[in-house]
Amino acid sequence: MAKPRKPKTNEDQRADNSEAVVRHQKLCLNIDMDKRHVYGYTELEIVVPDNGVVGLHADNLAIERVTVDGEPALFEVFPHYQALDSENRWCGVSSATSAADAAGSVYLSSLERELVPNLLIMCSKSIKSVSEEQGQQNSESGLHSPEEPDQNVKLVRVDYWVEKADTGIHFGDNILHTDNQIRRARCWFPCLDDSSQRCCYDLEYTVANNFVAVSNGKLLYQVLSKDGLCKTYVYGLNVPVAARWISLAVAPFEVFPDCYSGLLSYMCLPAYLSKLRHTVGFFHSAFSHYEEYLSASFPFGSYTQVFIFPEMTISSTSSGASLTILSTQVLYDEKVIDQVYI
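Everything numeric here is computed off the predicted structure, so don't read it as measured data.

(A) Structural detail: the pairing of strand β13 (residues 218-224). Where β13 and strand β14 (residues 230-241) come together, 6 bridges link them in antiparallel fashion. Looking at β14, one finds that Q222 is bridged to Y233. In textbook terms, the turn of a hairpin is the stretch between consecutive antiparallel strands, and for β13 and β14 this stretch comprises 5 residues, one of which, G228, has a positive phi near 75 degrees.

Structural data, given as structure tokens:
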């Protein structure tokens, strides 16, 4: 249940979460393309700070329930996007330069506020405190307990749904995709949206059986529901990455595996398949060239390029771990004649 609480300063909130570390995260989502609805849960294996409070980032998300090690936990959510007390900044505006300075100040304040976790979860006291109590009880009884681990690791589960699918995750006509603008992972799943926080991921997406859900890491398997109406795609990402590099695209994609490399695959809507085959024919050569040039193999078990309508893309390229979402504008057919690079 949510618990009302007095707002804290930025310094207090950072201190609450200064030692929280995500060791592993699991994300399980159901996606209803007709209703444009996303709901599900995420489980995080977290090292809890000594104060027992874990702070996560969660914007535009409706938090239904939070449990810690299977037990209901108190939590509170406060919005990042509150009205700014910026009237004083605009009082001195007398020219274009001063207006730019004031706007820059407001923008920097917004970015500063976004750094602060806004989903606070009250976990039980740390193992250190429990150990001290047990040690005191054992000393009174004359018993000696084995040494306890220093870290307090909890499994935190957050059940939620996406309240406004207009930032970070976007719906179109039979298409869903995410974008990796800075600090937008938090707009479609609760996480520690910080580049210094990296972990491995288990990813599960349930969609209608005529859709393909493509995400990061290796596709482990697909499961068809008993009624045959839905399909669950299960991915495993065993390379630690920050939350901002988790991506998702859902559509009735056609899949085109690379003829030369088992690591590479490409996806697009059926109408663009012939252009896709022609465009990506050279890519395996460029891919192997960079592996040779860098003297390092590709860190992920696969790499996928997904092409969607240009009117849906936020930027020309949206890169994730082992997945890139591009615009179909870069596709071309054999009728296009271009100069050959020497």
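(B) Molecular detail of a nonpolar patch on the surface. A grouping of L220, Y221 and V223 is seen on the molecular surface, where their side chains present a nonpolar patch of about 280 Å² in accessible area. By the secondary structure assignment, Y221 is in strand β13.

(C) Region of the structure containing the sheet that holds strand β16 (residues 254-257). Across the sheet, 5 strands lie side by side as β16-β17-β18-β20-β19; this open sheet has mixed pairing. Strands at the two margins of the open sheet, each flanked by one partner only, are β16 and β19 (317-320). Averaged over all pairs of adjacent strands, the angle between strand axes in this sheet comes to 20 degrees, irrespective of strand direction. Pairing of strand β18 (residues 303-308) with strand β20 (residues 323-327), which is carried by 5 bridges, proceeds in the parallel orientation. Paired with F307 across the strands is L326, a residue of β20. The sheet contacts of helix α6 (residues 283-294) involve β17 (264-268) and β18, and relative to β17 the element is tilted by about 135 degrees.

(D) Looking closely at the environment of S322. Counting through the fold element by element, S322 comes out in the loop between β19 and β20. Placed 58 residues apart in sequence, S322 and L264 show a C-alpha to C-alpha distance of 9.6 Å. Those residues in contact with S322 that lie beyond four places of it in its chain are N216, G217, F298, F300, S302, Y303 and T304. Of note is the side chain of S322, whose polar atom sits 2.9 Å from the backbone nitrogen of G217.

(E) Region of the structure containing the packing of aromatic side chains. Under the criterion given, the structure shown has 10 aromatic pairs. Ring plane angle 15 degrees and centroid distance 6.3 Å describe the contact between F287 and Y303, whose orientation is recorded as stacked. In this pair, F287 is assigned in helix α6 and Y303 in strand β18, connecting sequence segments 16 residues apart. Feature note: the residues F256, Y266, F283, F287, F298, F300 and Y303 constitute an aromatic cluster, connected by ring pairs. If you follow R157 out to its NZ or CZ, it ends over the ring of Y41, 3.6 Å from the centre. For R244, the ring lying beneath its charged end belongs to W245, and the centroid distance is 4.6 Å.

(F) A look at the pairing of β18. Within β18, 6 of the 6 residues are buried, which leaves the element mostly enclosed by the surrounding structure. Neither face of β18 is exposed, since Y303, Q305 and F307 on one face and T304, V306 and I308 on the opposite face are all buried. In terms of strand pairing, β17 meets β18 through 4 bridges, oriented parallel. The residue of β18 that forms the bridge with L264 is Y303.

(G) Structural view of α6. Compared with an ideal rise of 1.5 Å per residue, which puts 12 residues at 16 Å, α6 spans 17 Å between its outermost C-alpha atoms and is within 8% of the ideal. Looking one or two places after α6, you find S295, whose phi comes out positive at around 55 degrees.

(H) Local environment of the pattern of salt bridges. Scanning the entire structure with this criterion turns up 9 salt bridges. Here E45 ties to R23 by a salt bridge, and the two come within 3.9 Å at their closest N and O atoms. Taken together, the residues span a long stretch of sequence, with E45 in strand β2 (residues 37-48) and R23 in strand β1 (residues 21-32) at a distance of 22 residues. Under the relative-accessibility criterion, E45 is labelled partly exposed at 31%.

(I) Layout of the environment of L219. With respect to the element layout, L219 can be found in strand β13. Each residue touching L219, except ones within four places of it in the same chain, is listed here: Y233, V234 and Y235.

(J) Seen up close, the nonpolar core. Residues I31, I121, F189, Y205 and F253 are the most contacted members of the largest nonpolar core, which totals 64 residues. For this core, the leading source of residues is strand β11 (residues 199-208), giving 5 residues. The contacts of I121, once residues within four sequence positions are left out, are G52, V53, V54, L56, V66, V68, A73, L74, F75, V156 and V158. In this structure, F256, F283, F287 and L331 belong to the second largest nonpolar core, which totals 13 residues.

Cut-offs applied
- Residues numbered from 1 in each chain as written.
- Predicted model: local features only at pLDDT ≥ 70, side-chain atom pairs only at ≥ 80, totals over all residues.
- Heavy atoms only, no water.
- Pairing = 2+ DSSP bridges.
- Helix = DSSP H or I, 4+ residues; strand = E, 2+ residues; numbered from the N terminus.
- Patch = residues over 30% accessible without salt bridge, like charges linked within 9 Å, V, L, I, M, F, W, Y side chains within 5 Å.
- Areas by Shrake-Rupley, 256 points an atom, 1.4 Å probe, with all protein chains shown as cover.
- Salt bridge = Lys/Arg side-chain N within 4 Å of Asp/Glu carboxyl O.
- Axes fitted to C-alpha atoms, helices over the stretch in contact; angles between N-to-C directions.
- Contact = heavy atoms within 4.5 Å.
- Polar contact = N/O pair within 3.5 Å; in protein donor to acceptor, adjacent residues only side chain to side chain.
- Phe/Tyr/Trp six-rings, centres within 6.5 Å; stacked < 30°, edge-to-face > 60°.
- Lys NZ or Arg CZ within 6 Å of the ring centre and 35° of its normal.
- Buried < 20%, exposed > 50% of the residue type's maximum accessible area, 1.4 Å probe, protein only.
- Expected span 1.5 Å × (residues − 1).
- Core = buried A, V, L, I, M, F, W, Y, C linked by side-chain atoms within 4.5 Å.

No statement about biological role is implied by the geometric values presented.
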